[in-house]
Amino acid sequence: MLDFLNNISLDGDDIPALFGLRQKGKDAFFGFPDKKDEPFKYTPISSYISEEMFLPSSNCCDNAHCHCHDAFLSFPTYEYHFCNGALHEHFSPVDGVEISSLLDAFLDHSLTAYLNKFDLSKFPFAALNTAYLEQGVFMRFSKTLDKPVALIYHNHDSGFKNLHNIVVIEKNAQIDLIEYYHGEHNPYFINIVNEIYVSKNALMKHYLFQDESENAVHIGLSNVQIKSGGTYQSYAFHKGGKLTRNETHILLKEENASALVNAAYNLKDKTFVDTTTDIEHLSKSTKSNQIIRGVLNDNTHGVFQGKIHIDPNAVQTEGYQIHKALLLSDDARIDVKPELEIFADDVKCSHGATSGDLNKDELFYLQSRGISEIEARKILVKAFLTEVSSDISNPDVSELCDHFFFD
């Protein structure tokens, strides 16, 4: 499959350190995983891939006329835009934010402490990402901002979009980060890695909205490391794409670190969404909570794989996980694999999974009040999904969540 990428030319191949890093990625990538690989046993990615998705992306963008420079969201944010996999490098200075392209950060050595701080052999698409490392953004936040930061990804041509972002939240800072993926009808393959570092007593709220082309494959990995007293809160919402795999790997490295990993998906037609999480409690008094809700219509397929690992040192830890799915079609399918690995005493952990149709009594009650069956079903589906986002405190983001699935 790498033959598809032979014609892609990358900036920076004349930089020995970068060339060596890319070669490390190529050496670690042994091809696309299949059902024999345990983490991908429910997600046959190869069968969703076409050669057209791996054409070199045109990155076509006329900076003078491209509408990608306009504000995308309807409320105030600091917006940064990617067009067909390429970053628009026209940053306005923001107090408390250091921002640059990935390559610029590599050249000035800002990435040394942060890039690829995980085992590539366990993440085949991260290895592929490293093999073609070029596009992405480096952001370091030293203070709390007055409005969210938004990364907007516009994809309107075919081809391979390979992105790698580094986000560093320094001590005591509080940041809201929005990622919004928007695609038009062409087939493309987007492969993105986010490496996120939450420092002591810092807070990051991370919102992901995935509305890719119905012909696209979206592979995403967020690798998050959290220090003492730090908090990472993630809310992911999926409705687009031909196939999506959104993977979150979290290291609760120090005492009193915490993570919230919520996700919702509302699928139609033949959409496939895989939500995979792996949370490692490595120190005492760490906490994690996961709420995943899925609605599957038509011939859709959902996958949830969630692991909570409790290290021997992680006493007085709490870890909770629940996945619930509504199957609204006889042809819809859900595969769920929750896991607990507990190697310490004095912990509180639980996991669970349910699936089924809408509650018939609730549906009857709404219809008995004069609401049509179609509208009653919409009300119940919305109420079912809302639990994932009910605790979002930013009213603008909360409203975006409310409209994302139902407008």
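For the structure, see preceding data.
To start, this report covers the structure provided alongside it. Every chain is numbered on its own, with residues counted from 1 as its sequence reads. In keeping with the model being predicted, local features are shown solely for residues with a pLDDT of at least 70 and side-chain atom pairs are shown and tallied solely at 80 or more, while totals for entire chains, interfaces and linings include all residues. Side-chain metrics rest on all non-hydrogen atoms present in the structure, leaving aside hydrogens and water.

## Here we look at the packing of helix 1 (residues 16–28) against helix 3 (residues 124–131)
Note the following rule: Interaxial angles span 0 to 180 degrees and are taken between N-to-C directions of axes, which are lines fitted to C-alpha atoms, for helices over the stretch in contact. Put simply, DSSP marks the helices as runs of H or I at least four residues long and the strands as runs of E at least two long, and each gets a number from the N terminus on. Note: crossing handedness is left-handed where the near helix turns anticlockwise from the far helix by less than a right angle, and right-handed where it turns clockwise. Should any heavy atoms of two residues lie within 4.5 Å, those residues are counted as being in contact. Any residue that is not Ala, Val, Leu, Ile, Met, Phe, Trp, Tyr, Cys, Pro, Asp, Glu, Lys or Arg is counted as polar, Gly included; the first ten are nonpolar and the last four charged.
Direction vectors running N to C along helix 1 and helix 3 enclose 145°, while the axes themselves pass 7 Å from each other. Where helix 1 crosses over helix 3, the handedness of that crossing is left-handed. From helix 1, Leu 21, Arg 22, Gly 25, Lys 26 and Ala 28 reach across to helix 3, where they touch Ala 127, Thr 130 and Ala 131. Broken down by class, the residue content of the contact of helix 1 with helix 3 amounts to four nonpolar, two polar and two charged.

## Considerations on the sheet that holds strand 1 (residues 78–83)
The test is simple: Pairs of strands are assigned from DSSP output, requiring at least two bridges between the strands.
With respect to topology, 10 strands assemble into an open sheet ordered 2-1-5-7-9-11-13-15-17-19, the strand pairing being mixed. Strands at the two margins of the open sheet, each flanked by one partner only, are strand 2 (86–87) and strand 19 (348–356). Docked against the sheet, helix 6 (residues 395–404) engages strand 7 (174–183), strand 9 (203–211) and strand 11 (231–238), running at close to 25° with respect to strand 9.

## Focus on the pairing of strand 14 (residues 272–281)
Note the following rule: Per-residue accessibility, obtained with a 1.4 Å probe over protein chains only, is compared with the maximum for each type, and a residue is labelled buried under 20%, exposed over 50%, and partly exposed between these values.
For strand 14, a buried count of eight out of 10 residues is recorded, marking the element as mostly surrounded by other parts of the structure. With 10 bridges joining them, strand 12 (residues 243–252) and strand 14 adopt parallel strand pairing. Looking at the pairing, Glu 247 lines up with Thr 276 of strand 14. With 10 bridges joining them, strand 14 and strand 16 (residues 301–310) adopt parallel strand pairing. For Ile 279, the partnering residue across the bridge sits in strand 16 and is Ile 308.

## Focus: the nonpolar core
Among soluble globular proteins, nonpolar side chains are generally buried collectively. Rule in force here: Side-chain atoms within 4.5 Å link the members of a nonpolar core, which is a set of buried Ala, Val, Leu, Ile, Met, Phe, Trp, Tyr and Cys residues.
The biggest cluster of nonpolar side chains holds 50 residues, and the ones touching the most others in it are Met 139, Phe 141, Ile 226 and Ile 250. Sequence-distant contacts of Phe 141, that is, excluding residues within four places in its chain, are made with Gly 96, Val 97, Val 149, Val 167, Val 168, Ile 169, Glu 170, Ala 173 and Ile 175. Phe 209, Ile 291, Leu 326 and Phe 405 belong to the second largest nonpolar core, which has 30 residues in total.

## Here we look at the packing of helix 4 (residues 360–368) against helix 5 (residues 373–386)
Convention followed: Every angle not falling under 35 degrees, over 145, or within 65 to 115 is termed oblique; those three ranges are roughly parallel, roughly antiparallel and roughly perpendicular.
Remark: helix 4 packs on helix 5, axes separated minimally by 9 Å, with the N-to-C direction vectors making an angle of 130°. Between helix 4 and helix 5, the angle falls in the class oblique. Of the two possible hands of crossing, helix 4 and helix 5 adopt the one that is right-handed. Here Glu 362, Leu 363, Leu 366 and Gln 367 of helix 4 lie close against helix 5, whose contacting residues are Glu 373, Ala 376, Arg 377, Ile 379 and Leu 380.

## Some thoughts on the pairing of strand 12
The element strand 12 is largely enclosed, with a buried count of 10 among its 10 residues. Every second residue of strand 12 is oriented toward a common face, with Leu 243, Arg 245, Glu 247, His 249 and Leu 251 on one face and Thr 244, Asn 246, Thr 248, Ile 250 and Leu 252 on the other, all of them buried. Pairing between strand 10 (residues 217–226) and strand 12: 10 bridges, direction parallel. Looking at strand 12, one finds that Ile 226 is bridged to Leu 252.

## Observations concerning the packing of aromatic side chains
Rules: Here a Phe, Tyr or Trp ring, Trp counted by its six-membered ring, pairs with any other such ring whose centre lies within 6.5 Å, and the pair is stacked when the planes are under 30 degrees apart, edge-to-face when over 60, and tilted otherwise.
Per the stated rule, a full pass over the model turns up 26 aromatic pairs. Between Phe 160 and Phe 189, the ring centres sit 6.1 Å apart and the planes meet at 45°, which makes this aromatic pair tilted. Of this pair, Phe 160 sits in strand 6 (residues 159–169) while Phe 189 sits in strand 8 (residues 188–198), and the two are 29 residues apart along the sequence. Accessibility classification places Phe 160 together with Phe 189 in one group, the buried group. Three or more aromatic residues link up through ring pairs in this structure, and these residues are Phe 29, Phe 32, Phe 40, Phe 54, Phe 125, Tyr 132, Phe 160 and Phe 189.

## Overview of the sheet that holds strand 18 (residues 333–342)
Across a sheet, strands are paired by hydrogen bonds formed along the backbone, either parallel or antiparallel in direction. With respect to topology, nine strands assemble into an open sheet ordered 3-4-6-8-10-12-14-16-18, the strand pairing being mixed. Of all strands in the sheet, those bounded by a partner on one side alone are strand 3 (97–101) and strand 18. Within the sheet, the average angular offset between the axes of one strand and its neighbour, ignoring direction, is 5°. Where strand 3 lies against strand 4 (residues 137–141), five bridges are found, and the strand directions are antiparallel. Paired with Ser 100 across the bridge in strand 4 is Phe 138. Contacts between helix 3 and the sheet are confined to strand 6, strand 8 and strand 10, with strand 8 contributing the most and set at about 95° to the helix.

Nothing here speaks to function; it is geometry throughout.
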